[in-house]
Amino acid sequence: MYHFRIITDSSCDLSAARVQELNLQVVPLQVYLEEKELKNYPNGSPENLLNFGEFFDALRQGANTSTTAANPEVWRHAIEPTLSQGLDALVLAFSSGLSSTYAAAELAAEELREKYPDRNIQVVDTLCASLGQGLLVYHAAKKQQQGLSLEETAQWVRDNRLHLCHWFTVDDLMFLKRGGRVSAATAVVGTMLNIKPVLHVDNEGHLIKVATARGRKASIDALFKAMKQTGLDIENQDIFISHGDCLEDANYLAQMIESAYHPKSIYIDYVGPVIGSHSGPGTLALFFLGSER
């Protein structure tokens, strides 16, 4: 029996099966698909009315989407049952560089600390997104299973979050243009020339473009090259890959990594609708622990 519960949000993109395996609580973020408001539960959850493959199909057909951060009330309702059961709470939230979700969680925690002065509530800004956040949460849950206290687990997350490397590429620049990540001119010219951006999440938790590649295969190879340059003891790591409904590309990347390093495991799952709304179909992302981001 653990003395604290790890709570995160659905930007982590962990599947329902993995959430159950790790004994996590996941707060669903909201996605709007055209006029319909949907909650982004983990992929495979019975509650999830949003099929991720169908979501990306809708994007390909031009559907309008948007997302909203979890507000303090949502976080308060999510955290309070844990406290009322006599457990402490470790909240690992979506990067503050990409969302106000972390700030909302901290506001809720401040209110709950007054109501439950004997309970320990720690909120950590993961500075991560998608399965990068998921991988950090995964490691935190493993530390909990090994017997680390809440304070020790939270400190491990703070000490290691800037070693959680995120490398992304996208297939359609127009989604990055819509989100203000690239200019309209860059998107149009890049599409004409088959230029694919290579992006990563920096130390402030922002998604930034760092390079370009000519063609899809070259952009995927660039993700693998980034791992080769900064990955630490890759053979003994759990590697996470997320994809925007492009499983064949995810498997291609996984096979390169498996052939070169034979890591402990490679976990592949969808980019969820929260991130996918802004990056689009064909998003491919690689996550691992490295010497630096």
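Keep in mind that this is a model prediction, so the values were computed, not measured. (Residues numbered from 1 in each chain as written. Predicted model: local features only at pLDDT ≥ 70, side-chain atom pairs only at ≥ 80, totals over all residues. Heavy atoms only, no water.)

Draft legend 1. Examining the overall build of the protein chain more closely. Across its full length, the protein chain holds 11 helices and 13 strands. In terms of C-alpha radius of gyration, the protein chain reaches 19 Å, essentially the compact-globule figure of 19 Å for 293 residues. With the C-alpha coordinates aligned to their principal axes, the bounding extent of the protein chain is approximately 60 × 45 × 30 Å. A burial count over the protein chain gives 56% of its 293 residues as buried. Here the protein chain carries 25 positive and 35 negative side-chain charges, and the mean point of each set is 4 Å from the other. (Helix = DSSP H or I, 4+ residues; strand = E, 2+ residues; numbered from the N terminus. Rg over C-alpha atoms; globule rule 2.2 N^0.38 Å. Buried < 20%, exposed > 50% of the residue type's maximum accessible area, 1.4 Å probe, protein only. Lys, Arg positive; Asp, Glu negative; His and termini not counted. Charge placed at Lys NZ, Arg CZ, Asp CG, Glu CD.)

Draft legend 2. Structural view of helix α9 (residues 216–230). Between its first and last C-alpha atoms α9 spans 22 Å; for 15 residues at 1.5 Å apiece the expected length is 21 Å, and the two agree. Among the residues making up α9, those that are buried are Arg 216, Ser 219, Ile 220, Leu 223, Phe 224, Ala 226, Met 227 and Thr 230. Mapping the buried residues of α9 onto a view down its axis gives an arc of 150°, with all of them on the same face. Opposite the buried face of α9, by more than 90 degrees, sit the exposed residues Lys 217, Lys 225, Lys 228 and Gln 229. (Expected span 1.5 Å × (residues − 1). Arc of directions from axis to C-beta.)

Draft legend 3. Focus on the pattern of salt bridges. Within the structure shown, the criterion is met by 12 salt bridges. Asp 88 is the salt-bridge partner of Arg 119, the closest N and O atoms lying 2.9 Å from each other. Residue Arg 119 is located in the loop between α4 (101–115) and β7 (121–125), and its partner Asp 88 is located in strand β6 (residues 88–93); the two are separated by 31 residues in the primary sequence. The exposure class assigned to Arg 119 is partly exposed, which follows from its relative accessible area of 25%. Connected through shared salt-bridge partners, Arg 76, Glu 80, Glu 111 and Lys 115 make up one network. (Salt bridge = Lys/Arg side-chain N within 4 Å of Asp/Glu carboxyl O.)

Draft legend 4. Geometry of the nonpolar core. Within the largest apolar cluster, 35 residues are counted, with the highest numbers of intra-cluster contacts made by Ile 7, Leu 33, Phe 55, Trp 75, Ile 79, Leu 83 and Val 91. Counting only elements with at least two residues in this core, the list comes to β3 (29–33), α2 (52–60), α3 (72–84), β6, α4, β7 and α11 (273–279). If we ignore the near neighbours within four places in the chain, the residues touching Trp 75 are Ile 7, Thr 8, Asp 9, Val 27, Ala 70, Val 91, Ala 93, Thr 101, Ala 104, Ala 105 and Ala 108. If you look at the next biggest cluster of nonpolar residues, it comprises 34 residues, including Cys 128, Phe 168, Val 201 and Leu 207. (Core = buried A, V, L, I, M, F, W, Y, C linked by side-chain atoms within 4.5 Å. Contact = heavy atoms within 4.5 Å.)

Draft legend 5. Layout of the state of the cysteines. Going through the model one piece at a time under the given rule, you end up with zero disulfides. With no disulfide of its own, Cys 165 lies 9.6 Å from the sulfur of Cys 128, the closest cysteine sulfur. (Disulfide = S-S within 2.5 Å.)

Draft legend 6. Representation of the packing of α9 against helix α10 (residues 247–261) in the model. Packing of α9 against α10 leaves a shortest axis separation of 11 Å and a crossing angle of 35°. The interaxial crossing formed by α9 with α10 has right-handed handedness. Residues Arg 216, Lys 217, Ile 220, Asp 221, Leu 223, Phe 224, Met 227 and Lys 228 of α9 touch α10, and the partners they reach there are Asp 249, Tyr 252, Leu 253, Met 256, Ile 257, Ala 260 and Tyr 261. Split by residue class, the contact of α9 with α10 holds 10 nonpolar, no polar and five charged. (Axes fitted to C-alpha atoms, helices over the stretch in contact; angles between N-to-C directions. Left-handed = near helix turned anticlockwise from the far one by under 90°. Nonpolar A, V, L, I, M, F, W, Y, C, P; charged D, E, K, R; others polar.)

Draft legend 7. Region of interest: the sheet that holds β6. Across the sheet, which stays open at both edges, the four strands sit in the order β2-β1-β6-β7 with parallel pairing between neighbours. Looking along the sheet, the strands with just one partner apiece sit at the ends: β2 (25–27) and β7. Strand-to-strand twist in this sheet, taken as the mean axis angle between neighbours without regard to direction, amounts to 20°. As paired elements, strand β1 (residues 4–9) and β2 share three bridges and run parallel to each other. Across the sheet, the residue bridging to Asp 9 is Val 27, located in β2. Contacts from helix α5 (residues 130–145) reach β1 and β6 within the one sheet, and its direction differs from that of β1 by about 175°. Across the sheet, helix α6 (residues 150–160) touches β1, β6 and β7, and the angle it forms with β7 is around 10°. (Pairing = 2+ DSSP bridges.)

Draft legend 8. Spotlight on the sheet that holds β3. Spatial strand order, β4-β3-β5: three strands in an open sheet with antiparallel pairing. Of all strands in the sheet, those bounded by a partner on one side alone are β4 (36–40) and β5 (65–68). Each neighbouring strand pair of the sheet contributes to a mean axis angle of 25°, computed without reference to strand direction. The strands touched by α2 within the sheet are β3, β4 and β5, with β3 carrying the most contacts at an inclination of about 45°.

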